[in-house]
2 protein chains.
Amino acid sequence: MTTDSELTIDAIEDAAQRIQPDVHRTGVLHSAAIDALAGRRVHLKAEHLQRSGSFKARGAHNKLRLILDAARRHGVVAVSSGNHATAVACAGQRLGIPVDVYMPRDAPALKQRATRGYGARIHFFDRLLDDRAQLIDAHVEAHGSIAVEPFDDVDIMAGQGTVAYELLTQSRVDTLVVPMSGGGLMAGCAVAACAAQSDITIIGVEPAVADDTARSFAKGDRVEIPQPITVADGLAVTAPGRLTFPINQRLVDRVVTVSDQQIIDTCVLLFERCKQVVEPSGATALAAVLAGLTGDADDVGVVMSGGNIDVTELAALVAAHPPPSDRR
Amino acid sequence: MTTDSELTIDAIEDAAQRIQPDVHRTGVLHSAAIDALAGRRVHLKAEHLQRSGSFKARGAHNKLRLILDAARRHGVVAVSSGNHATAVACAGQRLGIPVDVYMPRDAPALKQRATRGYGARIHFFDRLLDDRAQLIDAHVEAHGSIAVEPFDDVDIMAGQGTVAYELLTQSRVDTLVVPMSGGGLMAGCAVAACAAQSDITIIGVEPAVADDTARSFAKGDRVEIPQPITVADGLAVTAPGRLTFPINQRLVDRVVTVSDQQIIDTCVLLFERCKQVVEPSGATALAAVLAGLTGDADDVGVVMSGGNIDVTELAALVAAHPPPSDRR
């Protein structure tokens, strides 16, 4: 097990080995339509096709395999707006571990159904009123479960880093674009990418209304923002992670932001032109590429991080953010 | 060029060569969730990822390449509820051929947008009132264009047959399941499949409310039904083709039907579990497999024929056909 203080390429390589029986080696998708719109070759790492519907399965399996005996004995508990919960539930079912999950009452219905489908017990909380840390502490106190952090854990980061570790064996890219929430996916990907290719440019993307990391980069220190409300529900955190931030500060070239409208437009594009269901958080990195915010590299790697949204929810988001008529 | 009277495996092999620069060799998708529900291994030929969004690109390119000089001189005209129109428009744009298209006024908005996007001129007609043959005859008379049939043309059938021709090099299957409308896709696939593997079982699938081929099989002769209205708009024909029917009568083991509800449930399953956008017509064959109508073979090949639907239209169909709550 890696220590809390460092995230190394060795830890990511170990994670890749460890979770190989559990997760999919997802493909890299290409689209002539998207390349034309972006004016460059775009390599889309298809984590929406990952087990449990997002990259979160990688970190969850890595963590639970590392604490397997204790987890089977005591059970685990996670708090998450969706994909982390679904991934921990998925890994728990595969590995024979009891899972409790705390989800906000407004978490997407599909994420709730999927989490329940993997056999986890769901407890709801209020995204705006309840304190997530307190909920978890109380649960651990009452039941003796082990808490599984969504991002501020080196084993979780190492698992997520296998996304970029794989992508760079599948495609040659000059720039890597990754969505940022707590920063665990980015921290893992940045370490993996810099180890594989020291001259790579790494760009993080946030929703404009959930720009805690962009503000933190500008200030040079972690900034906390009020609970954001964005179509990219998976990216709605209030601050970068304590462990993830210094790693990202060191390795990420810059953080850019996109509007909710740009995110939904990108979901629609992926739906209509590529026939792929990608949730708003998962389309955020590509939205930045299409907005021209990621530089002029010829080959851009983009992490499409998840696809857990149902057709009714996606249609409602599109209705609230109608595409410009000239695009259709 | 093949003659009107026969569809041979040679013609399909020639078509595969001819259209190779124009169309995608689509992948075969697998899903543990679908295999579990079906109780067998399901090999999904992903024609929703085909150029123009459906298998129709294959026949259209084969036909237009065979009549290239005349088509460039005179232009072509097609009548279609959607995917044939879009495919002819796509091929026309690639090959430098002017295209006129007649579409029903209620054709899905995405198919209209895509057809216009490929530069075709669209003329609308009324699905219930207008006679398609008369529209085409009048257009040919007035403008000297060449009519491109949607299915009753051996060159079109040969192009569509490359779907099964490819699939059987990609997967080993005991049974092949194909959606049926005019029967062009099936006729081509049946000839290709029987040539590759004489013991293969071939099953056609229609919407229960558009069962012209099932009735025709039962009667042993082509039956005409009133214009059907089904969620599978691409399968809403009134009778099997004049040329396709005898081929299918000879080679297809049986024709089964599924309800509109089963079709929409399958679209939702593909959306939520596979993150794939498949239009109702394209999900019809899989619906029959999941309904247990396609026998007990271990390995079933299924043609997912197209993906041209937008999120608003799909959400409206799902709202009108809500999934059983126990499935979610």
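Residues numbered from 1 in each chain as written. Chains lettered and ligands numbered in written order. Predicted model: local features only at pLDDT ≥ 70, side-chain atom pairs only at ≥ 80, totals over all residues. Heavy atoms only, no water.

## Digging into the overall build of chain A
Point 1. Check the secondary structure of chain A and you find 14 helices and ten strands.
Point 2. Relative to a compact globule of 328 residues, whose C-alpha radius of gyration would be 20 Å, chain A shows 18 Å and is just as compact.
Point 3. With respect to the three principal axes, the spread of C-alpha positions in chain A is 55 × 45 × 40 Å.
Point 4. Each of the 328 residues in chain A was classed as buried or not, and the buried ones make up 62%.
Point 5. A fraction of 73% describes how many contacts in chain A between residues 6 or more apart in sequence connect residues 24 or more apart. (Helix = DSSP H or I, 4+ residues; strand = E, 2+ residues; numbered from the N terminus. Rg over C-alpha atoms; globule rule 2.2 N^0.38 Å. Buried < 20%, exposed > 50% of the residue type's maximum accessible area, 1.4 Å probe, protein only. Contact = heavy atoms within 4.5 Å.)

## Focus on helix α11 (residues 244-251) of chain B
Residue and element names in this part refer to chain B.
Point 1. Of the residues making up α11, those classed as buried are Thr-244, Phe-245, Ile-247, Asn-248 and Leu-251. Along α11, the residues classed as buried sweep out an arc of 165° about the axis, all on the same side.
Point 2. Buried positions along α11 lie against α8 (154-170), α9 (184-196), β8 (201-207) and α10 (212-219). (Arc of directions from axis to C-beta.)

## Focus on a negative patch on the surface
Point 1. Negative charge collects at one region of the surface, where Asp-130, Asp-131, Asp-137 and Glu-141 of chain A lie side by side.
Point 2. Its place among the elements puts Asp-131 of chain A in the loop between β5 (121-125) and α7 (132-143). (Patch = residues over 30% accessible without salt bridge, like charges linked within 9 Å, V, L, I, M, F, W, Y side chains within 5 Å. Areas by Shrake-Rupley, 256 points an atom, 1.4 Å probe, with all protein chains shown as cover. Salt bridge = Lys/Arg side-chain N within 4 Å of Asp/Glu carboxyl O. Lys, Arg positive; Asp, Glu negative; His and termini not counted. Charge placed at Lys NZ, Arg CZ, Asp CG, Glu CD.)

## Quick look at the domain arrangement of chain A
All names here are of chain A.
Point 1. With domains assigned, chain A is organised as domain 1 (9-54 + 153-320) and domain 2 (57-147).
Point 2. Using only C-alpha atoms to locate each centre, domain 1 and domain 2 end up separated by 22 Å.
Point 3. In this assembly, 32 residues from domain 1 lie in contact with 25 residues from domain 2.
Point 4. Of the roughly 2400 Å² buried between domain 1 and domain 2 on both sides combined, carbon and sulfur atoms contribute 50%.
Point 5. In terms of surface lost to domain 2, no three residues of domain 1 exceed Arg-18, Asp-22 and Ser-52, which account for 22% of the buried area on that side. (Domains from an automatic or database assignment. Buried area = accessible area lost by both parts, 1.4 Å probe.)

## Details of the packing of helix α3 (residues 56-66) of chain A against helix α8 (residues 154-170) of chain A
The relative placement of two packed helices comes down to the angle between their axes together with the axis-to-axis distance.
Residue and element names in this part refer to chain A.
Point 1. Running from N to C, α3 and α8 cross one another at 135°; their axes reach a closest spacing of 7 Å. Relative to α8, the element α3 lies oblique. The hand of the α3/α8 crossing is right-handed. Of α8, the residues touching α3 (which contributes Lys-56, Arg-58, Gly-59, Ala-60, Asn-62, Lys-63 and Leu-66) are Asp-155, Ile-156, Ala-158, Gly-159, Gln-160, Thr-162, Val-163 and Glu-166. (Axes fitted to C-alpha atoms, helices over the stretch in contact; angles between N-to-C directions. Parallel < 35°, antiparallel > 145°, perpendicular 65-115°, else oblique. Left-handed = near helix turned anticlockwise from the far one by under 90°.)

## Notes on the sheet that holds strand β8 (residues 201-207) of chain A
Residue and element names in this part refer to chain A.
Point 1. A sheet is described by the order of its strands in space; here six strands give the open sequence β1-β2-β10-β7-β8-β9, paired in mixed fashion. The strands lining the two open edges of the sheet, one partner per strand, are β1 (28-29) and β9 (254-258).
Point 2. Bridging between β8 and β9 involves five bridges; their strand directions are parallel. Looking at the pairing, Gly-204 lines up with Val-255 of β9.
Point 3. The strands touched by α8 are β1, β2 (41-46), β7 (175-179) and β10 (299-304); relative to β2, the strand with the most contacts, the crossing angle is about 135°. (Pairing = 2+ DSSP bridges.)

## What to know about the pattern of salt bridges
All names here are of chain B.
Point 1. Counted by the stated rule, this structure contains 32 salt bridges over all chains.
Point 2. One salt bridge in this structure joins Asp-106 and Arg-127, with 3.1 Å as the shortest N-O distance. In this pair, Asp-106 sits in the loop between β4 (99-104) and α6 (109-117) while Arg-127 sits in the loop between β5 (121-125) and α7 (132-143), placing the two residues 21 residues apart along the sequence.
Point 3. Residue classification places Arg-127 among the buried positions, given a relative accessible area of 10%.
Point 4. The salt bridge partner of Lys-111 is Glu-279, with a shortest N-O separation of 2.7 Å. Separated by 168 residues along the polypeptide, Lys-111 in helix α6 and Glu-279 in the loop between α12 (260-274) and α13 (280-290) bring together distant segments of the chain.

## Things to note about the packing of aromatic side chains
Residue and element names in this part refer to chain A.
Point 1. Counted under the stated rule, the structure contains three aromatic pairs over all chains.
Point 2. With a centroid separation of 5.9 Å and 80° between ring planes, the pair formed by Phe-217 and Phe-245 is classed as edge-to-face. Taken together, the positions of Phe-217 in helix α10 (residues 212-219) and Phe-245 in helix α11 (residues 244-251) put the pair 28 residues apart, joining distant regions of the chain.
Point 3. The class for Phe-245 is buried, based on a relative accessible area of 4%. (Phe/Tyr/Trp six-rings, centres within 6.5 Å; stacked < 30°, edge-to-face > 60°.)

## Some words on the environment of Val-140 of chain A
All names here are of chain A.
Point 1. Turning to its location among the elements, Val-140 is positioned in helix α7.
Point 2. When its relative accessible area of 28% is taken as the criterion, Val-140 is described as partly exposed.
Point 3. The spatial distance from the C-alpha of Val-140 to the C-alpha of Ala-285 is 35 Å, given a sequence separation of 145 residues.

## Thoughts on the relation of the copies chain A and chain B
Point 1. Superposition of chain A onto chain B requires a rotation of 180° combined with a translation of 0.0 Å along the rotation axis, giving an RMSD of 0.0 Å. The relationship between the two copies is best expressed as a two-fold rotation axis. Considering only C-alpha atoms, the residue of chain A closest to the rotation axis is Gln-276 of chain A, which sits at 2.5 Å.
Point 2. Most of the interface of chain A is mirrored in chain B: 100% of its interface residues are interface residues there too. (Least-squares fit on C-alpha atoms with pLDDT ≥ 70 in both.)

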